[in-house]
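Below, each chain spelled out in residue letters.
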Amino acid sequence: MISYPLLLEEFQAILKENTLKFTKQRELVLKFLYENEGHFTPEDIYNLLKQKYPDINIGIATVYRTLSLLETSHIASSISFGVQGKKYELGLKKHHDHLICSKCGKIIEFYDETIEEIQEEIAKKFNFKMTDHTMKIIGLCENCQ
């Protein structure tokens, strides 16, 4: 995976391209995703940053806007939960898919070569050039069954 200093440099370039200022608050959102495994709502990130950095004034709108910019730039990715919103993760990890428990919200990451091959076959069958895909399987985890 990319080192944090290189990622930070890329993020600063993205901010500049979008005529946005580099701020400590924006960097903390990036750093949070880089340092934490898992999937987080903007509210989770906001609350955890406020807890960890009580002296830094960060607004929830800054978290939302920064996550949106990171997702547009392919640094972050999200899983949509419909009206419940999105959960974000660092988008620079190796490709994987998700199993999502509809009862407790647990997210399990997985990779399956067979699924990857079948997707390629389906795309080829329909003369479709696949550039990316997202798979989420919704059901009940072992604990909630």
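Now for a look at the structure at hand. The model shown is predicted, which means the values in this text are computed figures rather than measured ones.

Re the pairing of strand E3 (residues 97–101)
Here is step 1: Of all five residues that make up E3, four are buried, and the element is covered over most of its length.
Here is step 2: Sheet analysis places E3 next to strand E4 (residues 107–110), joined by four bridges and oriented antiparallel. Its bridge partner lying in E4, His98 is registered against Glu109.
Here is step 3: Count of turn residues in the E3/E4 antiparallel hairpin: five residues, of which Gly105 carries a positive phi of about 85°.

So, the packing of helix H3 (residues 42–52) against helix H4 (residues 60–72)
Here is step 1: The N-to-C vectors of H3 and H4 enclose an angle of 125°; their axes lie 9 Å apart at closest approach. By the angle between their directions, the pair H3 and H4 is classed as oblique. The crossing of H3 and H4 is right-handed. Between H3 and H4, the contacting residues are Pro42, Glu43, Ile45 and Tyr46 on the first element and Ile60, Val63, Tyr64 and Leu67 on the second.

Considerations on the sheet that holds E3
Here is step 1: Across the sheet, which stays open at both edges, the three strands sit in the order E4-E3-E5 with mixed pairing between neighbours. Of all strands in the sheet, those with a lone pairing partner are E4 and strand E5 (136–139), marking the two edges. Recorded for the sheet is a direction-independent mean angle of 20° between the axes of neighbouring strands.

Observations regarding a nonpolar patch on the surface
Here is step 1: Among the surface-exposed residues, Ile118, Ile122, Phe126 and Phe128 lie close enough to one another that they form a single nonpolar patch of about 440 Å² accessible area.
Here is step 2: Given the relative accessible area of 57%, Phe128 is considered exposed.

A few points about the pattern of salt bridges
Here is step 1: Under the counting rule described, the total for this entry stands at five salt bridges.
Here is step 2: For Lys93, the salt bridge identified is with Glu37, shortest N-O distance 3.9 Å. Pair noted here: Lys93 is in the loop between strand E2 (86–90) and E3 and Glu37 is in the loop between helix H2 (24–35) and H3, with a separation of 56 residues, a long-range link.
Here is step 3: The exposure class assigned to Glu37 is exposed, which follows from its relative accessible area of 65%.
Here is step 4: Put simply, Lys93 and Glu89 hold a salt bridge, and the shortest N to O gap is 2.8 Å.

What counts, and at which threshold
- Residues numbered from 1 in each chain as written.
- Predicted model: local features only at pLDDT ≥ 70, side-chain atom pairs only at ≥ 80, totals over all residues.
- Heavy atoms only, no water.
- Buried < 20%, exposed > 50% of the residue type's maximum accessible area, 1.4 Å probe, protein only.
- Helix = DSSP H or I, 4+ residues; strand = E, 2+ residues; numbered from the N terminus.
- Pairing = 2+ DSSP bridges.
- Axes fitted to C-alpha atoms, helices over the stretch in contact; angles between N-to-C directions.
- Parallel < 35°, antiparallel > 145°, perpendicular 65-115°, else oblique.
- Left-handed = near helix turned anticlockwise from the far one by under 90°.
- Contact = heavy atoms within 4.5 Å.
- Patch = residues over 30% accessible without salt bridge, like charges linked within 9 Å, V, L, I, M, F, W, Y side chains within 5 Å.
- Areas by Shrake-Rupley, 256 points an atom, 1.4 Å probe, with all protein chains shown as cover.
- Salt bridge = Lys/Arg side-chain N within 4 Å of Asp/Glu carboxyl O.

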